[in-house]
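Here is how the chains run, residue by residue.
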Amino acid sequence: MTQTITVIRGDGIGPEIMDATLHVLDALQTGLEYEFADAGVVALEKTGELLPEATMDSIRRNRVALKSPLTTPIGGGFSSINVELRKRFDLYANVRPAVSFPNTKSRFSSGVDILTVRENTEGAYLAEGQTVSEDGETATSMIRVTRHGSERIARYAFELARSTGRKKVTAVHKANIIKSTSGLFLKTAREVAAQYPDIAFEEMIVDNACMQLVMRPEQFDVIVTTNLFGDIISDLCAGLIGGLGLIPGANIGTDAAIFEAVHGTAPDIAGQGKANPCALLLGAAQMLDHLGMCEKAERLRAAIVATLEARDSLTGDLGGDGTTMGFAKAIAGRV
Ligand code: ATP
């Protein structure tokens, strides 16, 4: 049966990097059908809504979406469309690969290949329980961790490790100090780990994990952690390999999964054909893994690496003078 995906071309550089990405996916002969749907400013202009019901229906139906960056206008009714999508589809796992690539300006241009799996729905990121006393002297916030939330994120990390041939999962925590919430997360992760004897399991306290990531990042394979630590660690990992330009993100739920580039809409270069399409292309590779097309995902990643190695048609951010579509064509020629 043909697999249809929802494609959201997005705002700013979104349409350019999406066209480039679909060009490469077509060269890979994935057989995917595309259903285009609007969100963000484009949708607001057409329909008066940032997240039209037709777009929600499309994601619900297809269960997989490839999404370019979106602009959330101030006063649009949401603090962020991305956060709203996560909430509405209960996208509990945020997965960010950080891989060192050749010919990029970075601390580590080899040896880094880390998948950070971040719990996306609970932990310290709760809207409720945030208070400031009337005199402004005392502020409180709440952390909530559940066995259910910890169990499903840990299981997702182990299943991902297994399906992508990875060898080790490291649970990052602070259970020595935050005994209740981080303790429950760690206890649950240990229980899940016991069900995956083929994957090595390691525990690391978050402060040590940060130091180890900077000193010896090659020791990490899959990291699983709670919301706040995951937010920080995934950006730390991005920094190791040269910033957000080469980092995709997957938001995974039980009923839907949305794949994207981590960077924003880059209005300063929009419409000029200068944007680097790699982050969205790598998001598409994550999507292919998710759809069970792991061989095609690997071919796509290898073609990106080969194109970077050859310095063929690279965009300005990577020191070249190529265009978005020119770069994509060079990658498509190597898949
Ligand atoms: P937003 O408000 O949507 O987050 P932003 O401009 O604040 O947009 P980014 O879009 O992440 O944040 O851009 C930060 C900088 O990185 C900008 O100078 C932008 O031009 C550059 N940049 C971001 N993505 C790319 C890309 N794919 N290719 C080249 N440069 C990029």
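About the criteria used
Residues numbered from 1 in each chain as written. Predicted model: local features only at pLDDT ≥ 70, side-chain atom pairs only at ≥ 80, totals over all residues. Heavy atoms only, no water. Phe/Tyr/Trp six-rings, centres within 6.5 Å; stacked < 30°, edge-to-face > 60°. Helix = DSSP H or I, 4+ residues; strand = E, 2+ residues; numbered from the N terminus. Buried < 20%, exposed > 50% of the residue type's maximum accessible area, 1.4 Å probe, protein only. Salt bridge = Lys/Arg side-chain N within 4 Å of Asp/Glu carboxyl O. Near = heavy atom within 4 Å. Polar contact = N/O pair within 3.5 Å; in protein donor to acceptor, adjacent residues only side chain to side chain. Areas by Shrake-Rupley, 256 points an atom, 1.4 Å probe, with all protein chains shown as cover. Nonpolar A, V, L, I, M, F, W, Y, C, P; charged D, E, K, R; others polar. Pairing = 2+ DSSP bridges. Right-handed = clockwise from strand over helix to strand, strands pointing away. Expected span 1.5 Å × (residues − 1).

Undergrad: I'd like a description of the packing of aromatic side chains, backed by residues and values.
TA: A full pass over the atoms with the stated rule returns four aromatic pairs. When the ring of phenylalanine 158 is compared with that of tyrosine 196, the centres are 5.0 Å apart and the planes differ by 25°; the resulting orientation is stacked. One end of the pair, phenylalanine 158, is in helix 5 (residues 147-163); the other, tyrosine 196, is in the loop between helix 6 (181-193) and strand 9 (200-205), with 38 residues separating them in the sequence. Under the relative-accessibility criterion, phenylalanine 158 is labelled buried at 0%. Aromatic ring contacts, followed pair by pair, group Phe158, Tyr196 and Phe201 into a single cluster.

Undergrad: Tell me about the pattern of salt bridges, and name the residues and values.
TA: By the definition in use, this model includes 24 salt bridges. For the salt bridge of arginine 60 with aspartate 57, the shortest nitrogen-to-oxygen distance reads 2.7 Å. Note that arginine 60 and aspartate 57 are positioned in helix 3 (residues 53-62) at a spacing of three residues, about one turn of the helix. Exposure remark for arginine 60: the relative accessible area of 44% places this residue in the partly exposed category. Note on aspartate 57: relative accessible area 33%, which makes it partly exposed. Here glutamate 260 and lysine 67 are joined by a salt bridge, their closest N and O atoms 3.0 Å apart. In this pair, glutamate 260 sits in strand 12 (residues 257-261) while lysine 67 sits in strand 3 (residues 64-67), placing the two residues 193 residues apart along the sequence. What makes glutamate 260 buried here is its relative accessible area of 8%. Through salt bridges that share partners, Glu53, Asp57 and Arg60 make up one connected network.

Undergrad: Please provide a residue-by-residue account of the site of the ligand, values included.
TA: Taken together, the neighbourhood of the ligand is formed by Ile13, His263, Gly264, Thr265, Ala266, Pro267, Asp268, Ile269, Ala275, Asn276 and Asp317. In the model, a nitrogen atom of the ligand is placed 3.2 Å from a nitrogen or oxygen of the histidine 263 side chain. Interatomic distance of 2.9 Å between a backbone N/O atom of glycine 264 and an oxygen atom of the ligand. Protein chains bury 56% of the 610 Å² of accessible surface belonging to the ligand in isolation. Of the residues contributing to the shell around the ligand, the split by class is five nonpolar, four polar and two charged.

Undergrad: Describe in detail the pairing of strand 9, supporting the description with residues and values.
TA: Note: strand 8 (residues 168-173) against strand 9, six bridges, orientation parallel. By the bridge assignment for strand 9, lysine 168 is matched with alanine 200. What joins strand 8 to strand 9 is helix 6, and the crossover it makes is right-handed.

Undergrad: Describe helix 9 (residues 278-290), with residues and values.
TA: Spanning 13 residues, helix 9 covers 18 Å between terminal C-alpha atoms, matching the ideal 18 Å at 1.5 Å per step. With 12 of 13 residues buried, helix 9 is to be regarded as a mostly interior element. The complete set of buried residues in helix 9 reads Cys278, Ala279, Leu280, Leu281, Leu282, Gly283, Ala284, Ala285, Gln286, Met287, Leu288 and Asp289. Looking one or two residues past helix 9, glycine 292 carries a phi angle of roughly 85°, positive in sign.

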